[in-house]
Amino acid sequence: MVLSTTFAFAVLSVSSFLCGQGFSQSTNTLQRRSIGTVCQTIKSSISGASTVYFPGGLHYDNDVYHWASSSIEDSVCSVEPGITQDVGIILQILGSTRTPFAVRGGGHSTNKGFSSTPGVQIAMYRFSNVTYNKNTGTADVGSGLIWDEVYSALEPFGVSVIGGRVTGVGVAGFTLGGGYSWKTNQFGLTVDTVQAYELVLPNGTVTSVTATSNPDLFFGLRGGFNNFGMVTKFTFKTFPQGQVWGGLITFTKGVLPQVNDATNKFATTNKDPKAAIITTYNFLLGEPGVSQLLFYDGPNPPPGIFDDFLAIPFLTKDVSTRSYLSLVQSSPSNATANTRGAFHTVSLTSYSLNMINVILNETITRGIDLSTFDSGIFISYDVEPFLPSLFSHGTASAYPPDRSRGLLPQNIYYAWTVESADQDVQNTLRASANVIRQAAIAEGQVTGNEAIYGNYALFDTPISSIYGANVPRLQAIKKQYDPTNVMGLAGGFKF
Ligand SMILES: Cc1cc2nc3c(=O)[nH]c(=O)nc-3n(C[C@H](O)[C@H](O)[C@H](O)COP(=O)(O)OP(=O)(O)OC[C@H]3O[C@@H](n4cnc5c(N)ncnc54)[C@H](O)[C@@H]3O)c2cc1C
Ligand SMILES: *[C@@H]1O[C@H](CO)[C@@H](O)[C@H](O)[C@H]1NC(C)=O
Ligand SMILES: *[C@@H]1O[C@H](CO)[C@@H](O)[C@H](O)[C@H]1NC(C)=O
Ligand SMILES: *[C@@H]1O[C@H](CO)[C@@H](O)[C@H](O)[C@H]1NC(C)=O
Ligand SMILES: *[C@@H]1O[C@H](CO)[C@@H](O)[C@H](O)[C@H]1NC(C)=O
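These numbers were taken from a predicted model, which means no experiment stands behind them.

(A) Here's a closer look at the UniProt feature "domain: FAD-binding PCMH-type" (unreviewed entry) in the protein. Mapped onto this numbering, the UniProt entry annotates "domain: FAD-binding PCMH-type" (unreviewed entry) at residues 71–241. Taken end to end, residues 71–241 is 23% helix and 26% strand, and its two terminal C-alpha atoms sit 34 Å from one another.

(B) Region of interest: the environment of K134. Relative to the helices and strands, K134 is located in the loop between β5 (130–133) and β6 (138–142). Judged by its relative accessible area of 69%, K134 is exposed. Placed 104 residues apart in sequence, K134 and T238 show a C-alpha to C-alpha distance of 9.1 Å.

(C) Broad picture of the site of ligand 4. Neighbouring ligand 4 are N361, E362, T365, R366 and V435. In the model, an oxygen atom of ligand 4 is placed 2.3 Å from a nitrogen or oxygen of the N361 side chain. T365 is positioned such that a nitrogen or oxygen atom in its side chain is 3.4 Å from an oxygen atom of ligand 4. When ligand 4 sits alone it has 360 Å² of accessible area, and the protein chains cover 37% of it. Here the element with the most residues in the shell around ligand 4 is helix α11 (residues 353–371); it accounts for four residues. Per-class residue counts for the shell around ligand 4 are one nonpolar, two polar and two charged.

(D) Representation of the pattern of salt bridges in the model. Enumeration according to the criterion identifies 16 salt bridges in this entry. For R403, the salt bridge is made with D192, and the minimal N-O distance between the two is 2.7 Å. Of the two residues, R403 is situated in the loop between β17 (378–383) and β18 (408–416) and D192 in the loop between α6 (184–187) and β8 (194–200); the sequence distance between them amounts to 211 residues. In this structure R403 comes out as buried when scored by relative accessible area, which is 18%. Of the charged contacts, one joins R366 and E362 as a salt bridge, the two residues approaching to 2.6 Å between their closest N and O atoms. Linking R366 with E362, this pair stays in helix α11, spanning four residues, or about one helical turn. E362 sits in the buried class, given a relative accessible area of 5%. Salt bridges here are not isolated pairs; linked through shared partners, they connect D192, R222 and R403.

(E) Region of interest: the sheet that holds strand β15 (residues 316–322). Read from one edge to the other, the open sheet built from seven strands follows the order β15-β12-β14-β13-β17-β18-β16, with strand pairing classed as antiparallel. The sheet is open, and its two borders are formed by β15 and β16 (340–348), each paired with just one other strand. Averaged over all adjacent pairs, the angle separating strand axes in this sheet is 15°, with direction ignored. Sheet analysis places β16 next to β18, joined by nine bridges and oriented antiparallel. Residue pairing in the sheet places L348 in a bridge with L408 of β18.

(F) A look at the pairing of β8. Among the seven residues that make up β8, five are buried, leaving the element largely enclosed by the rest of the structure. As paired elements, β8 and strand β9 (residues 206–210) share five bridges and run antiparallel to each other. Following the sheet pairing, E198 is matched in β9 by S208. Where β8 folds back onto β9 in an antiparallel hairpin, the turn is made up of five residues, including G204, whose phi is positive at roughly 100°.

(G) Layout of the domain arrangement of the protein. Assigned domains of the protein: these are domain 1 (5–126), domain 2 (130–241) and domain 3 (244–464). For the domain 2 and domain 3 pair, buried surface summed over both sides reaches about 3,000 Å², with 58% attributable to carbon and sulfur atoms. The largest contributions to the domain 2 side of the interface with domain 3 come from Y180, W182 and N185, which together make up 30% of the buried area. At the junction of domain 2 with domain 3, the criterion picks out three salt bridges.

(H) Broad picture of the nonpolar core. One finds Y197, F306 and Y467 to be the most contacted residues of the largest nonpolar core, which totals 118 residues. With residues near it in sequence (within four places) discarded, Y467 still touches G223, G224, F225, A398, Y399, P401, L474 and F495. Listed in part, the 27 residues of the second largest apolar core include C39, I46, I89 and I93.

(I) Quick look at the sheet that holds β6. Read across the sheet, five strands follow the order β5-β6-β10-β8-β9 without closing on themselves; strand pairing throughout is antiparallel. Two strands close off the open sheet at either side, each with one partner strand: β5 and β9. Between one strand axis and the next, the sheet turns through 15° on average, direction left out of account. For β6 and strand β10 (residues 230–237), the ladder comprises five bridges, and the chain directions are antiparallel. By the bridge assignment for β10, G142 is matched with K233. Across the sheet, helix α3 (residues 84–96) is in contact with β8, β9 and β10; its angle to β8 comes to roughly 55°. Strands in contact with helix α4 (residues 147–154) are β5, β6 and β10; relative to β5, the strand with the most contacts, it is inclined by about 40°.

Quick notes on the rules
Residues numbered from 1 in each chain as written. Chains lettered and ligands numbered in written order. Predicted model: local features only at pLDDT ≥ 70, side-chain atom pairs only at ≥ 80, totals over all residues. Heavy atoms only, no water. UniProt positions renumbered as here; feature names shortened; annotations may be inferred. Helix = DSSP H or I, 4+ residues; strand = E, 2+ residues; numbered from the N terminus. Buried < 20%, exposed > 50% of the residue type's maximum accessible area, 1.4 Å probe, protein only. Near = heavy atom within 4 Å. Polar contact = N/O pair within 3.5 Å; in protein donor to acceptor, adjacent residues only side chain to side chain. Areas by Shrake-Rupley, 256 points an atom, 1.4 Å probe, with all protein chains shown as cover. Nonpolar A, V, L, I, M, F, W, Y, C, P; charged D, E, K, R; others polar. Salt bridge = Lys/Arg side-chain N within 4 Å of Asp/Glu carboxyl O. Pairing = 2+ DSSP bridges. Axes fitted to C-alpha atoms, helices over the stretch in contact; angles between N-to-C directions. Domains from an automatic or database assignment. Buried area = accessible area lost by both parts, 1.4 Å probe. Core = buried A, V, L, I, M, F, W, Y, C linked by side-chain atoms within 4.5 Å. Contact = heavy atoms within 4.5 Å.

Okay, structure coming up:
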């Protein structure tokens, strides 16, 4: 332990001031003052590689920033650790003072309190190295990066990793939750391509976790988010990456039947693992429409796969042979950044035409309903077809708890502007997900108990809904490595 004596005094328990569960409630002056003392303790205990920031500056603003404005909280201070040893010191101080904190990777969680806090905001920006190792065919990637930066750094080597599909998403949360990529049909989820984690355990010890060095932690980190400590570096398997084909097409409501047919046909007949799509039904300014993303992992798709989409009259079209990074950046995900946001999800096994119609009907009816709460509403329902073999590329992991058959994540996203609409929006999100799940049950394609994807799940989703039969094992691993529940001071889905 290299802690300065200044923090030994800090026996007061900051979180005991915070009533109830979760730390997202506003803190009072007394609580903020004692958290401020903890900030000072951290400041005087860390090395020159790391810095504590207070409100009123650009660094602090970047540290608490989130893609969804509803995920931004007013932290007492932020800290940007620059070396793993400092991460350990920070965790020891936060743990011994029971101070609420948050770990932020790319800040794309739409669940308030998962990577935000009224306490101490840790931002991982300084873990920003990408190192390609040609001999092992792996890349070491810092946990403060977004996928755009990783793709860009690996492009000169003609390789890539299995990561995010749209611009701006963080490596850390995406990977720690599972990770559905454009290349998942070929190589699995992002968790299936992680070779090693550099992990700072809740007691501050820095360790490297691989399948053989620590099978339990390795299993837990593959889907278990921030329950086991803070990851500073991921070692990913790399794959050759040349030019790809695809991009964004937008369609208006007049052609929805053709889009539904093309999507259903792709989802039920495509067998080429290099081909992928996301059909996003959205509702904006009183009108339904579609954002259609097409992807082929090669410069030219074989004829047939995407012809139906390309034949539909479009509003805008940006489809070409391009770099992987350029394709990822062709998505419109930045358009709704900086508004309030929430995700929820249903797991399906088939995007039948009936399911697509149910999803489209939800888009329209919920869009109209929600417009009465907030005229600035934007809602979208993603159809994400993958091959049924998508879970066959990896071994047992925290998520998905059952790899015996593939599940297709259906993502629902609502964006809105006024805080007073939060409850209504969340209730509508739950109700709409339930309608889609019930329709899938009625079709006989699912039982309704299938695991849902943590990175798409609303904040109050029970952990059993994400981790299924893995929950007892995950709780046992958690108890072993975090007996005093340091990571419980940070939000998220908790074991
Ligand atoms: C526009 C958009 C597009 C998306 N597209 C996809 C997609 O194509 N496929 C997909 O699978 N998901 C997708 N997602 C969901 C995405 O995977 C999650 O939002 C993910 O958590 C984002 O990671 P982050 O690092 O940006 O998040 P953050 O909000 O920074 O973190 C999310 C969680 O991870 C924890 N965490 C972050 N860093 C660390 C660390 N270093 N150590 C321990 N815990 C940490 C946080 O504490 C928090 O609980 C998308 C989300 C958005 C908003
Ligand atoms: C990033 O790489 C540089 C150069 O190799 C090294 O000095 C630094 O310690 C690395 N930073 C982290 C956070 O790993
Ligand atoms: C999206 O927004 C982020 C944050 O403002 C910015 O850094 C990034 O370049 C944007 N990406 C694209 C493709 O416009
Ligand atoms: C459309 O969705 C709404 C809300 O779930 C539902 O009440 C209605 O019955 C649906 N209509 C059709 C045709 O399915
Ligand atoms: C921290 O926890 C790990 C794993 O339980 C253990 O091996 C290590 O000895 C602990 N370190 C300290 C300083 O207690």
